[in-house]
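# A look at the structure
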Amino acid sequence: MSREPILSVEDLHVWFDLSGGSELHAVQGVSFDLRPGERMGLVGESGCGKTTTILAMMGLLPSSASVAGSVSLDGENIMARGEDTVSPHRWKDIAMVFQGAMNAFNPVKTIGSQIVEPMELHGTATGKAARGQTRELLELVGISGDRVNNYPHEFSGGMRQRAAIALALACEPRVLLADEPTTALDVMVQAQILELLVRLTRDLGLSMILVTHDLPVVAQVCDRAAVMYAGEIVEMGAMSTIYHDPRHPYTRMLFGATPDLLGDADVISIPGAPPRLDREIVGCPFAPRCDSAFAPCATVAPRRMETSPGHEAVCHLNDHVVAKEPA
Amino acid sequence: MEGRADYVVKRTLFALLTVFVAVTINFLLFRALPGDAVSGLRCQHCTIQFKAALRHDLGLDKSKWEQYKIYLKQLAHGNLGLSDVSHEPVRGLLWDPLKNTLLMLTLGTVFSIIFGLLTGVVAAWRRGTWVDKGSLWTSLAFYSMPTQWLGLMIVYFVADRIGLPHGGIQSPDLGILGNPSTYDYWKDRLEHMILPALTLGLVLYGEYTLIVRSAMLETLGEDYVLTARAKGLSNFAIVRKHGLRNAMLPIVTLIALSLGFIVGGAITVEYVFDYPGIGLAIVDAIDKRDYTFLQGAFLLLTISVILFNFLADLLYFKLDPRVTT
Amino acid sequence: MSTTAEPGPLLEVDDLVTRYPVSRGVVGTLRRRPRLQVHAVEGVSFSVGPGEMVALVGESGCGKTSTAQTVIRMVDNQGGSIRFDGRDITGMSAGGMRPLRREIQMIYQDPYESLDPRFRVRDTIEEPLLVHKLGGSSKQREQKVLEALKRAGLTPPDLFIDRFPHELSGGQRQRVAIAASLVLDPKLLVADEPVSMLDVSVRAGILSLLDGLRREGMGILMITHDLSTAAHFADRIAVMYLGRIVEEGPAQEVVRNPQHPYTRALISVVPKRDPNEQTVPQILTGETPNPVHVPSGCRFHPRCPVAEQACRTIDPSLQRPNGANVPEHRAACIVTAPGPSADEVGPDGRSAGQLAAAALRPAALALSGWWRRVWALVIDAAVVLAGGVALGGILALVPGSLGSSLRVGIGVVLFSALYFTIAHGSTGQTLGKRALGIAVRDVHGSGPIGYPRSFLRWLAFAVFTLLVVVLIIDLLFPLWDDRHQALHDKVASSSVFQV
């Protein structure tokens, strides 16, 4: 994994204008790299900014949002001139499987016509070729090509999710952003979809960011994970390091709050609630809920530290680790 | 696909059943009144024998059930009976005012649907801008205006300024110098139609704008619209390809519902503009106690409501592949 | 892990059947399409004791929510019985149920929708007291509301009592919903996916709260799709598939030693927290079939990785599998979970007293919906009589020594033996019971009167063989008696043979 990152996010900030004139700082300086063929998990609870982050990367935030920072694809900052620089890459290089993929299809149009749409728009295929490719794509995700003229309501939930993946692959992107792709699905269908995503990323050489609140799903699918809390990535590293040697109490406590099928340990919830993001946060945002908070946590914001190669965390507990700040 | 066929069959049966019920109620309503067409007669030769003979001629001596059967049979032949006043067939009497009303209504609704859709879509698309706010307030104002008041305002302040007639259906001087040409005739008709149609159209315009705006806003918030944006569709293409058809679903129903009612609801407009449509004819018949005519007119209005609903159902069926029941 | 307390279970569900009719539509009716039903729940039996948490686990469409709704009598059942606290509530009227409603409380999935946004916390919790006229003075009511908030973990309660739902977090809302049910001091709590809408970090808190209530003696029926949650918090797990419980037992036993292939697959696909510990998922193809068209035999067989030919026809019942570590573990599979031969051991090793109780159970059951069972019996009797007489008539034509009335008798017995053998061998339903919608499959692995099913089949088979042997002997040795010859002549000369 020493190759150049295919996608690189640097110091991304997103603010939403609130009706009262105040601002909600939803994403507070997120940076990460995604290497070719890598599967990375972006984990966090609702409101932590994970979905906002990837919508910002796609340039899909509503007009009430203002964005700062850079998103580079192959070294080129696609956010440099807003819509003009994003739109040529959107769906062609970076495609997305949406959170509500059950509703990602227009109910009054056939599945096929909706998959053909981006192909013709971006000129990757037209007419007969596009329809042929659509059939192939459906077959690729495990749906019979004969169902290309079906309407979304004629598909089951699992099939609609597969079709949404086929839709994301329509223009042969290199990066796939999957936002909670299995949240509304049953365990068995979830397993089918996760297996499909792993197979596709492997066979097609795709890089993927999997956004989810479900740590075990990331553990099963991803090589690397970034844990988000209150708009920032508090810990990032290889999946097994994160599980066996978490360097941020939030990560550890989140694992502790997740029941494991065959685990014996007690499942313990995290007290309190995440901070409000429409106010300035003093000190560490997790300090009020943290079981290991100490003196500096309430007043001094912790710095991002690389605790071991490729593993970084934002916590005062790591201050004694004499480590260099990541570049 | 059986469910789809089922939908059409069901709606058709339902519409026919409703028509039948309406016909029956219409029959019963006018039979429930005390007395009949004969008992009210007051004249020198109106002896009991004469009345009995008259009842026999009119079939009023038969049982209610027999009368009902006769009524249905006549109706099936398109016979609505003879007017109590002019003793002409009601069908013929209804035709002219109906024609006038329908022409005026078509003009008004086409105006309101086109502009309502346009403003509604633009308002939803440009949500929160001054365009949205402006159209929202305008349509709310028109929507909440009483029709007759708006009509009066137009008669007082608009009609003369733009040189359009404020009443009637034909200029008194038309045809004085011999038969008018077809062009002149229809031009005159149209001039008389514009203001009542505009009055009706403005009120409906307000309503439709509000409906379209909210339906469109809801649709634009759907996940597939976000997907369409991500796929790279332009805003216009999103509205055209993904927004409009879905937003049309609730719009079609509401528009059809309101259309059904305005056939009768045009009464106030026709009264203000003295426009000889069905509404004015009904007012007239009430004045003259022409029950048979009223019966025919009510039947017509009921059926128009049912018909528009049925059309809406069919259109809905066409627009939405999910419809099965 | 608590065991069922002796005073008997709080909730006892036996052979529950819940179906919803499917509209055929006008076209369907005209074309005489068969009347279809959603077989939401098809013969589910389980019990919840005081101080016990039982989890019904399954995927969407497995019937777990329908089961819960039937149990709280929000939906009517078509068969089986529900007993609450010793009383049969199956056919109870709405009025009869009302006093019981306070003892059975429900917690819903979505705390954002189950609370009225215009109600303050106080109003939400007070409402059930007012409905059941239990409140007393407003001061007493407030006291109860504060207590309920405290029990639901919203402390200090003064801080929450005057808030509106939108001022609370998801976890706090769910606690308010729980407080609103606790205020009535229920004995049984039915929780339908109580945490699935909540953030991971607060789920454990809600579940621990329920666990605490269980320790205080409350019975809890939890409906969930999450095996991990069930494994951690429930005492017992019942895994449902297409309207049936396919496996049940103590929670840890079921997840560590699954016997049914469906449970095994389900457990294999649950993602584990440890990235190095991921098992090879055994992914089943397709999705749960439509509960309108339930597959024949074992309903899991079309997706089952180990299905055999027999699975297409045999509808397995729950029984103790050989691989079970504890006696309470049951699974319904003839391939992976064959039970011990029931002829050797009493069903699941119950004592004679328990057997007798089991034998009496049908009688108790008959009290509810007894007429349905009587009519089922009448239909079965009519079928057996008609079929038997027909068979006897044919037998009477065969030359032999036995009198024709005796032959008809034999025909009836033979036919009924066949009838019930086939019925029990395949679906476990006789025509009559099927016609009246009574699910006969016995969930405790024994036959309808408490005998092991194989014993009944053996009995039927024995009777059948015996009679066939008698007939063959009769056929082979027609001249035992002079009378036989005379009879023979009489039969031969009868008009039937002169075609």
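Residues numbered from 1 in each chain as written. Chains lettered and ligands numbered in written order. Predicted model: local features only at pLDDT ≥ 70, side-chain atom pairs only at ≥ 80, totals over all residues. Heavy atoms only, no water.

Scanning chain C from N- to C-terminus turns up 16 helices and 11 strands. Within chain C, contacts between residues separated by at least 24 positions form 65% of all contacts whose residues are at least 6 apart in sequence. When the accessible area of chain C is evaluated, it comes to approximately 22,800 Å², of which 59% is carbon and sulfur surface. (Helix = DSSP H or I, 4+ residues; strand = E, 2+ residues; numbered from the N terminus. Contact = heavy atoms within 4.5 Å. Areas by Shrake-Rupley, 256 points an atom, 1.4 Å probe, with all protein chains shown as cover.)

Let us look at the overall build of chain A. Across its full length, chain A carries nine helices and 12 strands. For 327 residues, the compact-globule estimate of 2.2 N^0.38 gives 20 Å, and chain A sits close to it at 20 Å. The principal-axis extent of the C-alpha atoms belonging to chain A is close to 65 × 50 × 45 Å. Taking the contacts inside chain A whose residues are at least 6 apart along the sequence as the reference set, 62% of them involve residues at least 24 apart. Carbon and sulfur atoms make up 50% of the accessible area of chain A, which totals about 12,700 Å². (Rg over C-alpha atoms; globule rule 2.2 N^0.38 Å.)

Quick look at the sheet that holds strand β6 (residues 104–107) of chain C now. Either a parallel or an antiparallel arrangement is found when strands of a sheet pair, and the pairing is made through backbone hydrogen bonds. In spatial order, the strands read β6-β7-β8-β3-β9-β10-β11 (chain C); together these seven strands make up an open sheet with mixed pairing. In the strand order of this sheet, the two ends are held by β6 and β11 (330–331) of chain C, each with one partner. (Pairing = 2+ DSSP bridges.)

With that settled, the discussion passes to the domain arrangement of chain A. Residues and elements named next belong to chain A. Partitioning chain A into domains gives domain 1 (7–93 + 182–275) and domain 2 (101–172). Computed from C-alpha atoms alone, the centre-to-centre distance between domain 1 and domain 2 is 26 Å. Taken together, the 14 residues of domain 1 in the interface contact 17 residues of domain 2. Counting across the interface, domain 1 meets domain 2 through zero salt bridges. In this assembly, domain 1 and domain 2 are joined by four residue pairs in polar contact (both at pLDDT 80 or more). When the residues that make up the side of domain 1 that touches domain 2 are grouped by side-chain class, the tally is nine nonpolar, two polar and three charged. (Domains from an automatic or database assignment. Salt bridge = Lys/Arg side-chain N within 4 Å of Asp/Glu carboxyl O. Polar contact = N/O pair within 3.5 Å; in protein donor to acceptor, adjacent residues only side chain to side chain. Nonpolar A, V, L, I, M, F, W, Y, C, P; charged D, E, K, R; others polar.)

Right, let's get into the pairing of strand β10 (residues 232–238) of chain A. Here is the key point about a regular strand: its side chains alternate between the two faces of the sheet. Residue and element names in this part refer to chain A. For β10, the tally of buried residues reaches six of seven residues, placing the bulk of the element in the interior. With six bridges connecting them, strand β9 (residues 224–229) and β10 associate as antiparallel partners. Looking across to β10, one finds that Tyr-229 is bridged to Glu-232. Here β10 pairs with strand β12 (residues 311–314) via two bridges, running antiparallel. Bridged to Met-236 within β12 is Glu-312. (Buried < 20%, exposed > 50% of the residue type's maximum accessible area, 1.4 Å probe, protein only.)

Bringing empty space enclosed by the protein into the picture now. All names here are of chain C. For the structure shown, the criterion picks out four cavities of 30 Å³ or more. Space inside the largest cavity adds up to approximately 70 Å³. For the largest cavity, the lining is made up of 12 residues, of which Arg-244, Val-246, Arg-299, Pro-316 and Ala-332 are closest to its centre. With three residues, the single largest contributor to the lining of the largest cavity is strand β10 (residues 244–250). A breakdown of the residues in the lining of the largest cavity according to their chemical character gives seven nonpolar, one polar and four charged. (1 Å grid on protein atoms, 1.4 Å probe; cavity = no way out; pocket = protein on both sides within 12 Å on 5 of 7 lines; lining within 4 Å. Points joined across faces, edges and corners; volume = space filled by probe spheres on them.)

Before going further, it helps to examine the packing of aromatic side chains. Counting across every chain of the model gives 14 aromatic pairs over all chains. Seen from their ring centres, Tyr250(A) and Phe286(A) are 5.1 Å apart, and the 65 degrees between their planes marks the pair as edge-to-face. Of this pair, Tyr250(A) sits in helix α9 (residues 249–257) while Phe286(A) sits in the loop between α9 and β11 (304–308), placing them 36 residues apart in sequence. In this structure, Tyr250(A) and Phe286(A) share a single accessibility class: buried. With centroids separated by 5.3 Å and ring planes inclined at 70 degrees, the aromatic side chains of Tyr262(C) and Phe300(C) adopt a geometry described as edge-to-face. Taken together, the residues span a long stretch of sequence, with Tyr262(C) in helix α10 (residues 261–269) and Phe300(C) in the loop between α10 and β11 at a distance of 38 residues. Taken together, Phe27(B), Trp65(B), Tyr68(B) and Tyr71(B) form an aromatic cluster joined through their ring pairs. Above the ring of Trp125(B), the side-chain terminus of Arg126(B) is found at 5.1 Å from the ring centroid. (Phe/Tyr/Trp six-rings, centres within 6.5 Å; stacked < 30°, edge-to-face > 60°. Lys NZ or Arg CZ within 6 Å of the ring centre and 35° of its normal.)

Together, Leu17(B), Phe20(B), Val21(B), Ile25(B) and Leu29(B) give the surface a local cluster of nonpolar side chains, amounting to about 470 Å² of exposed area. Residue placement: Phe20(B) occurs in helix α1 (residues 2–32). (Patch = residues over 30% accessible without salt bridge, like charges linked within 9 Å, V, L, I, M, F, W, Y side chains within 5 Å.)

Here we come to the environment of Ile154(B). Residues and elements named next belong to chain B. Locating Ile-154 in the fold gives a position in helix α6 (residues 147–159). Residue classification places Ile-154 among the buried residues on the basis of a relative accessible area of 5%. Apart from the residues lying within four places of it in its own chain, the contact partners of Ile-154 are Ala-159, Leu-195, Leu-198, Thr-199, Leu-202 and Phe-273.

Moving on: the interface of chain C and chain A. Interfaces are often sized by the accessible area lost when the parts come together. Contact with chain C, which involves 40 residues of that partner, is made by 40 residues of chain A. In total, chain C and chain A occlude about 3,500 Å² of area from one another, counting both sides; carbon and sulfur atoms represent 59% of this. By the criterion of area lost to chain A, the three top residues of chain C are Ser201(C), His232(C) and Arg273(C), representing 23% of everything that side buries. Where chain C meets chain A, there are one salt bridge. Two residues, Arg256(C) and Asp264(A), come together in a salt bridge whose shortest N-O distance is 3.0 Å. In this structure, the connection of chain C to chain A is made through 18 residue pairs in polar contact (both at pLDDT 80 or more). Contributing elements (two or more residues each) for the side of chain C that touches chain A: α7 (200–215), α8 (227–233), α9 (251–256) and α10 of chain C. When its residues are assigned to classes, the side of chain C that touches chain A shows 17 nonpolar, 13 polar and 10 charged. (Buried area = accessible area lost by both parts, 1.4 Å probe.)

A separate point is the side chain of Ser45(C). As for its placement among the helices and strands, Ser45(C) is situated in strand β2 (residues 36–48). A polar atom in the side chain of Ser45(C) sits 2.7 Å from the backbone nitrogen of Asp15(C).

What follows deals with the environment of Arg102(C). Residue and element names in this part refer to chain C. By the secondary structure assignment, Arg-102 is in the loop between α3 (94–101) and β6. Take Arg-102: its relative accessible area is 29%, and that puts it in the partly exposed class. With sequence-adjacent residues up to four places away left out, Arg-102 is seen in contact with His-132, Leu-134, Leu-184, Asp-185 and Pro-186.

Right, let's get into the nonpolar core. In this structure, Leu7(A), Trp91(A), Ile115(A) and Ile209(A) are the most contacted members of the largest nonpolar core, which totals 103 residues. Mapping this core onto the domain boundaries places at least three of its residues in each of domain 1 (7–93 + 182–275) and domain 2 (101–172) of chain A. If near-sequence neighbours (up to four positions away) are discounted, Ile115(A) is found in contact with Phe105(A), Thr134(A), Leu137(A), Leu138(A), Ala163(A), Ala166(A), Leu167(A) and Ala170(A). Leu129(C), Ala191(C), Phe300(C) and Cys311(C) belong to the second-largest nonpolar core, a separate cluster that totals 67 residues. (Core = buried A, V, L, I, M, F, W, Y, C linked by side-chain atoms within 4.5 Å.)

Let's shift gears to the sheet that holds strand β4 (residues 79–84) of chain C. All names here are of chain C. Read from one edge of the open sheet, four strands run β2-β1-β4-β5, paired in antiparallel fashion. This sheet does not close on itself; its edge strands, each paired only once, are β2 and β5 (87–88). Most of the contacts of helix α2 (residues 64–71) go to strand β1 (residues 11–22), to which it runs at about 110 degrees, and overall it touches β1, β2 and β4. (Axes fitted to C-alpha atoms, helices over the stretch in contact; angles between N-to-C directions.)

Spanning 13 residues, helix α3 (residues 64–76) of chain B covers 18 Å between terminal C-alpha atoms, matching the ideal 18 Å at 1.5 Å per step. After α3(B) finishes, the residue Gly78(B) shows a positive phi value of roughly 80 degrees. (Expected span 1.5 Å × (residues − 1).)

On to the packing of helix α4 (residues 90–125) of chain B against helix α12 (residues 291–319) of chain B, then. All names here are of chain B. Following both chains from N to C, one finds α4 and α12 inclined at 55 degrees, their axes separated by 10 Å at the closest point. Between α4 and α12, the interaxial angle falls into the category oblique. Our pair here, α4 against α12, has a crossing hand that is right-handed. Where α4 abuts α12, its residues Val-90, Leu-93, Leu-94 and Leu-98 lie against Thr-292, Phe-293, Gly-296, Ala-297 and Leu-300. (Parallel < 35°, antiparallel > 145°, perpendicular 65-115°, else oblique. Left-handed = near helix turned anticlockwise from the far one by under 90°.)

A few words on the packing of helix α4 (residues 121–131) of chain C against helix α6 (residues 170–182) of chain C. Residue and element names in this part refer to chain C. Across the interface, α4 lies against α6 with an axial gap of 7 Å and an inter-helix angle of 30 degrees. Classified by the angle their axes make, α4 and α6 are roughly parallel. Of the two elements, α4 crosses α6, and the hand of that crossing is right-handed. Of the residues in α6, those in contact with Val-121, Thr-124, Ile-125 and Pro-128 of α4 are Val-176, Ala-179 and Ala-180. Looking at side-chain class alone, the contact of α4 with α6 contains six nonpolar, one polar and no charged residues.

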